[in-house]
Amino acid sequence: MVILDFGSQYSELIARRIRETQVYSEVLSYRTTAAQLRQLNPKGIILSGGPSSVYDSAAPHCDPEIWALGVPVLGVCYGMQLMVQQLGGGVERSELAEYGKASLMIDDPTDLLTNVEDGTTMWMSHGDSVTQLPEGFELLAHTANTACAAVAHHDRKLYGVQFHPEVVHSIGGLALIRNFVYHICQCEPTWTTDAFVEEAIREIRARVGNKRVLLALSGGVDSSTLAFLLYRAIGEQLTCMFIDQGFMRKLEPERLVKLFREQFHIPVAYVNARERFLAQIQGVTDPEVKRKRIGHEFIRVFEEESRRLGPFDYLAQGTLYPDVIESADTNVDPQTGERVAVKIKSHHNVGGLPKDLQFKLIEPLRKLFKDEVRKVGRSIGLPEEIVLRQPFPGPGLAIRILGEVTEDRLDILRDADLIVRQEINRAGLYNELWQAFAVLLPIRSVGVMGDQRTYAYPIVLRFVSSEDGMTADWSRVSYDLLETISNRIVNEVRGVNRVVYDITSKPPGTIEWE
Ligand code: XMP
């Protein structure tokens, strides 16, 4: 199934919903031509919503040949309006914009709306409405404010819905999606974890042959899943390299290497580069400079070590599907219709290697969303401890110490962070929170302990809930938990005399402090 993206914040969500029906789906640019689509041979096409109005001169349009492909199409919100407009109907700004829940009154309970209950709740978000149906189209449903809430050209299998069936608040949304996927497009539910693993192993073997593959292991779920998958596919032709930058959490590097070597029996080359990394960022206070220096040093160490351990033909990367979509510039500027990618922080990876060290890339996870990676990890034996690990940034604790990073500050943060982890685990919150961690501020404040005046660092607790890290809310954990953590940190970590709780959502804050 192909989803053509017109800049909707929900395009990825549509792709997920389709995959939840065990059918493979991909998000492509609205500029994809009918000829390109013919080559891909999709069973169905979904046009996403979008921020534009179809009658704006700069509004994104799809190739009109798409209507003649003979492939079923479902237009959602903007996608429906575009379909109606391109096929000769009318779309106008509505008197009454409709945002939020609406009751769907069903006029034709067959086809797309089979098993969708009359009066079910669907989520609306639109300022424009369809005012005239194109020839051959029929009305399937309406709401109090929207005359054409669902429409169809039954013979040509063209469908449109004004609401968003993909969002969780649309109660009948999943039934509608299943009707489109299974009955209208005749897809089979074959996109399963086991099928993915088998296919990935087959592809890796065919591609790699008897060549050697290098993988930079970080200990996160992506690179760990990749290590398992590759090791299963090519065994000792895989070399996992773990670079210890010195910015990991307390005891994590040792634990990770031990786990891989002793429990999983996957060989790991451990590279202790702690001093080098610290030297690189000595005296650096600017967050972006810090990130860049760490990124560059990572590449240098990686380069040296891969020469030493190599030669390798392939480099395996844990690129995921959202990275692929993001790098394809999926954002559309509503004013100009142009696609824009906004850089907020430079996340480092192993790009930018010198010419004589150009590997061929192998990215077996590039079709997967994060939750799918977790399923794959689980199905090939990755323990829950790694499968459910909270995200941890590449530059690690170095970006959780604001300002200059020193050995002393790293020790303090590691100890505070360990207490956070222990207490969050004890409260049974580790899997509930997206991230829970400590940040060290490079300032000092006055306190009193015993009869002594103290002058020491504050620790910030950053606990957030999030679906995907793109937006986040601060977590409403109990005062008792905060008190326990605060007491323990101030009592057990030398150099800290104050603990504060960050109550900023994202946006406007970011999750990390640098
Ligand atoms: P922000 O701070 O941008 O973080 O709200 C969003 C998510 O991304 C993680 N993060 C990183 N992950 N390399 C990574 O692999 C990085 O440089 C990096 N910086 C932030 C962050 O922990 C959060 O989950």
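Residues numbered from 1 in each chain as written. Predicted model: local features only at pLDDT ≥ 70, side-chain atom pairs only at ≥ 80, totals over all residues.

The name an unreviewed UniProt entry gives the protein is GMP synthase [glutamine-hydrolyzing], with Stenomitos frigidus AS-A4 as the organism. What the UniProt record of the protein gives under Pathway (unreviewed entry) is the line "Purine metabolism; GMP biosynthesis; GMP from XMP (L-Gln route): step 1/1." The protein has a UniProt comment under Catalytic activity (unreviewed entry) that states "XMP + L-glutamine + ATP + H2O = GMP + L-glutamate + AMP + diphosphate + 2 H(+)". (UniProt positions renumbered as here; feature names shortened; annotations may be inferred.)

### Remarks on the overall build of the protein
Tallying secondary structure elements over the protein gives 14 helices and 20 strands in all. The C-alpha radius of gyration computed for the protein amounts to 26 Å, which stays within 12% of the reference 24 Å derived for 514 residues, consistent with globular compactness. For the protein, the C-alpha atoms occupy an extent of roughly 80 × 60 × 40 Å along the three principal directions. In the protein, which comprises 514 residues, the share counted as buried stands at 39%. Excluding contacts between residues fewer than 6 apart, the proportion of contacts in the protein whose partners are at least 24 apart in sequence is 73%. (Helix = DSSP H or I, 4+ residues; strand = E, 2+ residues; numbered from the N terminus. Rg over C-alpha atoms; globule rule 2.2 N^0.38 Å. Buried ≥ 20, exposed ≤ 12 C-beta atoms within 10 Å, placed from the backbone. Contact = placed C-beta atoms within 7 Å.)

### Comments concerning the sheet that holds strand 8 (residues 138–142)
Strands belonging to one sheet form pairs held by backbone hydrogen bonds; the direction of such a pair is parallel or antiparallel. On the basis of which strands lie adjacent, the open sheet formed by 8 strands has the order 2-1-3-4-10-9-8-6 and mixed pairing. At either margin of the open sheet sits one strand with a lone partner, and together these are strand 2 (26–29) and strand 6 (105–106). Here 4 bridges tie strand 1 (residues 2–5) to strand 2, and the two strands are oriented parallel to one another. Across the sheet, residue aspartate 5 finds its bridge partner in strand 2, namely serine 29. Together, strand 3 (45–47), strand 4 (73–76) and strand 10 (158–161) form the strand contacts of helix 3 (residues 78–86), whose direction differs from that of strand 4 by roughly 120 degrees. (Pairing = 2+ DSSP bridges. Axes fitted to C-alpha atoms, helices over the stretch in contact; angles between N-to-C directions.)

### Let's talk about the domain arrangement of the protein
Domain annotation for the protein reports domain 1 (2–184), domain 2 (193–387) and domain 3 (402–501). When each unit is reduced to the centre of its C-alpha atoms, the spacing between domain 1 and domain 2 is 37 Å. (Domains from an automatic or database assignment.)

### Topic: the nonpolar core
Val213, Leu215, Leu230 and Ala416 are the most contacted members of the largest nonpolar core, which totals 74 residues. Here this core gets 9 residues from one element, more than from any other, and that element is helix 6 (residues 221–234). The two domains that each donate at least three residues to this core are domain 2 (193–387) and domain 3 (402–501). The next biggest cluster of nonpolar side chains, apart from the first, holds 59 residues, and it includes Phe6, Leu37, Val161 and Val181. (Core = buried A, V, L, I, M, F, W, Y, C linked by C-beta atoms within 7 Å.)

### Comments concerning the sheet that holds strand 13 (residues 268–272)
Pairing is parallel across the open sheet formed by 5 strands, whose spatial order is 13-12-11-14-15. The sheet terminates laterally at strand 13 and strand 15 (360–362), the two strands that pair on one side only. Averaged over all neighbouring strand pairs, the angle between strand axes comes to 30 degrees, with direction disregarded. In this structure, strand 14 (residues 314–316) lies alongside strand 15, joined through 3 bridges in parallel fashion. Paired with tyrosine 314 across the strands is lysine 360, a residue of strand 15. Along the sheet, helix 6 contacts strand 11 (213–216), strand 12 (238–244) and strand 14; its crossing angle with strand 11, the most-contacted strand, is approximately 160 degrees.

### Description of the environment of alanine 15
Among the structural elements, alanine 15 can be located in helix 1 (residues 11–20). Alanine 15 sits in the buried class, given 25 other C-beta atoms within 10 Å. In this structure the C-alpha to C-alpha distance between alanine 15 and valine 27, which are 12 residues apart in sequence, comes to 6.7 Å. Ignoring sequence-local partners within four residues, the contact set of alanine 15 consists of Ile3, Ser25, Glu26 and Val27.

### Section: the packing of helix 5 (residues 193–208) against helix 11 (residues 370–379)
The N-to-C vectors of helix 5 and helix 11 enclose an angle of 75 degrees; their axes lie 10 Å apart at closest approach. With respect to helix 11, the element helix 5 is oriented roughly perpendicular. Taken together, the residues of helix 11 that come into contact with helix 5 (itself represented by Thr193, Asp194, Phe196 and Val197) are Lys375, Val376 and Ser379. Taken together, the residues of the contact of helix 5 with helix 11 break down into 3 nonpolar, 2 polar and 2 charged. (Parallel < 35°, antiparallel > 145°, perpendicular 65-115°, else oblique. Nonpolar A, V, L, I, M, F, W, Y, C, P; charged D, E, K, R; others polar.)

### A short note on the UniProt feature "binding site: ATP" (unreviewed entry) in the protein
According to UniProt, the positions carrying the feature "binding site: ATP" (unreviewed entry) are Ser218, Gly219, Gly220, Val221, Asp222, Ser223 and Ser224. If you trace the backbone, serine 218 turns up in the loop between strand 11 and helix 6. Relative to the assigned elements, glycine 219 resides in the loop between strand 11 and helix 6. Judged by local crowding, glycine 219 falls into the buried class, with 20 C-beta atoms found within 10 Å. Those residues in contact with glycine 219 that lie beyond four places of it in its chain are Ser224, Glu252 and Leu256.

### Here's the deal with unusual backbone geometry
Generally, phi is negative for residues other than glycine and the peptide bonds are trans, each holding for most cases. In this structure, the amide linkage connecting glycine 310 to the following residue, proline 311, adopts the cis form with an omega of 5 degrees. Structurally, the position occupied by proline 311 is in the loop between helix 9 (287–309) and strand 14. Following lysine 506, the chain continues into proline 507 via a peptide bond in cis, with omega recorded as -15 degrees. On the secondary structure map, proline 507 appears in the segment after strand 20 (496–501). Residue glutamine 22 is not a glycine yet carries a positive backbone phi of 65 degrees. Here glutamine 22 lies in the loop between helix 1 and strand 2. Positive phi outside glycine occurs at leucine 251, with the angle close to 70 degrees. Within the secondary structure layout, leucine 251 lies in the loop between strand 12 and helix 7 (252–264). Leucine 251 gets classed as exposed once you count the C-beta atoms within 10 Å, which come to 10.

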